[in-house]
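Observations on chain architecture
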Amino acid sequence: MIILVGYATVEGQTRKIAEAVAAAVEAAGDRALLFDIASGAEYAIAHPEAAILCAPVHAARYPASFASFVRQEASWLNSVPSAFVSVSLLIRSEFEEERDEAMHFPDALINDSSWRPTMMHHAAGALRYTEYDFFKRWIIRRMAELENAPTDVSRDHEFTDWKALSGFVEDFLDTAKG
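Along each chain, residues carry numbers from 1 onward, in the same order as the chain's sequence is written. Per-residue local features are limited, in this predicted model, to residues with pLDDT of at least 70; the limit for side-chain atom pairs, both in listing and counting, is 80 or more; totals at the level of whole chains, interfaces and linings are taken over all residues. With hydrogens and water stripped out, all remaining heavy atoms of the structure feed into the side-chain values.

1. Description of the layout of surface pockets
Rules: Note on definitions: the grid is 1 Å and covers protein atoms alone; a cavity is a set of points where a 1.4 Å probe fits but cannot get out; a pocket is an open set with protein on both sides within 12 Å along at least five of seven lines; lining residues have an atom within 4 Å of a point. Grid points are joined across faces, edges and corners, and a volume is the space filled by probe spheres set on the points. Numbering of helices and strands runs from the N terminus, with a helix taken as a DSSP run of H or I at least four residues long and a strand as a DSSP run of E at least two residues long.
Each pocket or cavity is described by its volume, and for the largest pocket that value is around 710 Å³. In this structure, the largest pocket is lined by 33 residues; those nearest its centre are Val 57, Leu 89, Leu 90, Ile 140 and Met 143. Among the elements of the structure, helix H1 (13-27), strand E6 (126-127) and helix H5 (134-147) are those that each provide at least two residues to the lining of the largest pocket. Looking at which element gives the most residues to the lining of the largest pocket, the answer is H5, with 6 residues.

Listed below in structure tokens is the structure:
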């Protein structure tokens, strides 16, 4: 199968997640077409046979370019096996209500676009302290303190569960070929 692995990224963790998804697709013997949705480019072949889309949540919404792509391609996405990887730090929160909130971030996107992904995975992102400016680093560190998350701003902290992500891709491929 040829599988579109489309992504939008803000700080780079979702790109890293999409690259891992593409690598898992290829390791399973299929072809992955890694595609940066925000680039606005066209993918070079006719519509692939399946799709796995990945996007981060920032300020309770997905990047505009990603939402626009999903709206534009919803009909096609609904005609093939498709999956969504939603990336959010809240999914790893110690507070149940915040994890629940993260589980529902895709609802607005799905309602707005009419896309109905076959499967969905919630992945934790990363704190990229070394890439933030002083003000953002200060704010994020304060927020991290409230969550009992790492506050060492001298390095980045990654929370993605790579094993769970790999299992998700494997399950999706089984379902898509089903």
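Next, the rest of the story.
2. Considerations on the packing of aromatic side chains
For the record, the criterion: The rule is short: rings of Phe, Tyr and Trp, with Trp giving its six-membered ring, pair when the centres are within 6.5 Å, and they are stacked under 30 degrees, edge-to-face over 60, tilted in between. Residue exposure (1.4 Å probe, protein chains only): buried if accessible area is under 20% of the type maximum, exposed if over 50%, otherwise partly exposed.
As enumerated under the stated definition, the model contains 6 aromatic pairs in all. The interplanar angle of 20 degrees and the centroid separation of 5.6 Å between the aromatic rings of Phe 66 and Phe 84 together place this pair among those described as stacked. Of this pair, Phe 66 sits in helix H2 (residues 64-79) while Phe 84 is found in strand E4 (residues 82-87), placing the two residues 18 residues apart along the sequence. For the residue pair Phe 66 and Phe 84, the accessibility class agrees, reading buried in each case. Through a chain of ring-to-ring contacts, the aromatic side chains of Tyr 62, Phe 66, Phe 84 and Trp 115 assemble into a single cluster.

3. Some points on the side chain of His 121
This is how the line gets drawn: For this analysis, residues touch if any pair of their heavy atoms sits within 4.5 Å.
As for its placement among the helices and strands, His 121 is situated in strand E5 (residues 119-123). Setting aside residues no more than four positions away along its own chain, His 121 makes contact with Phe 84, Val 85, Ser 86, Ala 164, Leu 165 and Phe 168.

4. Digging into the nonpolar core
What counts here: What we call a nonpolar core is a set of buried Ala, Val, Leu, Ile, Met, Phe, Trp, Tyr and Cys residues that are connected through their side-chain atoms within 4.5 Å.
Within the largest apolar cluster, 32 residues are counted, with the highest numbers of intra-cluster contacts made by Leu 4, Leu 53, Tyr 62, Phe 66, Phe 84 and Leu 127. Taken together, the elements giving at least two residues each to this core come down to strand E2 (31-36), strand E3 (50-56), H2, helix H4 (105-113) and H5. Element by element, the count of residues in this core is highest for H2, at 7 residues. Those residues within four positions of Leu 53 in sequence are excluded, and the remaining contacts are Leu 4, Gly 6, Ile 37, Phe 66, Phe 69, Val 70, Leu 77, Ala 83, Phe 84, Val 85 and Trp 115. One finds Val 21, Ala 32, Met 119 and Ala 176 within the second-largest nonpolar core, a separate group that totals 23 residues.

5. Things to note about the pattern of salt bridges
The condition is simple: Think of a salt bridge as a Lys or Arg side-chain nitrogen and an Asp or Glu carboxyl oxygen that are within 4 Å of each other.
Enumeration according to the criterion identifies 8 salt bridges in this entry. Between Asp 112 and Arg 71 there is a salt bridge whose closest N-O contact spans 2.9 Å. Of this pair, Asp 112 sits in helix H4 while Arg 71 sits in helix H2; the two residues are 41 residues apart in sequence, bridging distant segments of the chain. You can call Arg 71 partly exposed: its relative accessible area is 42%. Residue Arg 155 pairs with Asp 152 through a salt bridge whose shortest N-O separation is 3.9 Å. Several salt bridges share partner residues, and in doing so they unite Arg 141, Arg 142 and Glu 145 into one network.

6. Quick look at the pairing of E5
Put simply, the rule is: At least two bridges found by DSSP between two strands is the condition for calling them paired.
Among the 5 residues that make up E5, 4 are buried, leaving the element largely enclosed by the rest of the structure. In the sheet, E4 pairs with E5 via 5 bridges, with the strands oriented parallel. The residue of E5 that forms the bridge with Ala 83 is Met 119.

7. Observations concerning the packing of H2 against H4
To keep it simple, the criterion reads: Interaxial angle, 0 to 180 degrees, is taken between N-to-C directions of lines fitted to C-alpha atoms, where a helix line uses only the stretch in contact. By the definition adopted for this analysis, an angle is roughly parallel if under 35 degrees, roughly antiparallel if over 145, roughly perpendicular if from 65 to 115, and oblique otherwise. Less than a right angle of anticlockwise turn of the near helix away from the far helix marks a crossing as left-handed, whereas a clockwise turn marks it as right-handed. Three residue categories are used. Nonpolar comprises Ala, Val, Leu, Ile, Met, Phe, Trp, Tyr, Cys and Pro, charged comprises Asp, Glu, Lys and Arg, and polar comprises the others, including Gly.
The interhelical angle for the contact between H2 and H4, taken along N-to-C directions, is 40 degrees, at an axis separation of 9 Å. On the basis of the axis angle, H2 is oblique to H4. Here H2 runs over H4; the crossing is right-handed. On the side of H2, the interface is formed by Phe 66, Ala 67, Val 70, Arg 71 and Ala 74, while H4 contributes Leu 109, Asp 112 and Ser 113. Residue classes in the contact of H2 with H4 are distributed as 5 nonpolar, 1 polar and 2 charged.

Remember that the coordinates give geometry; whether it matters functionally is a separate question.
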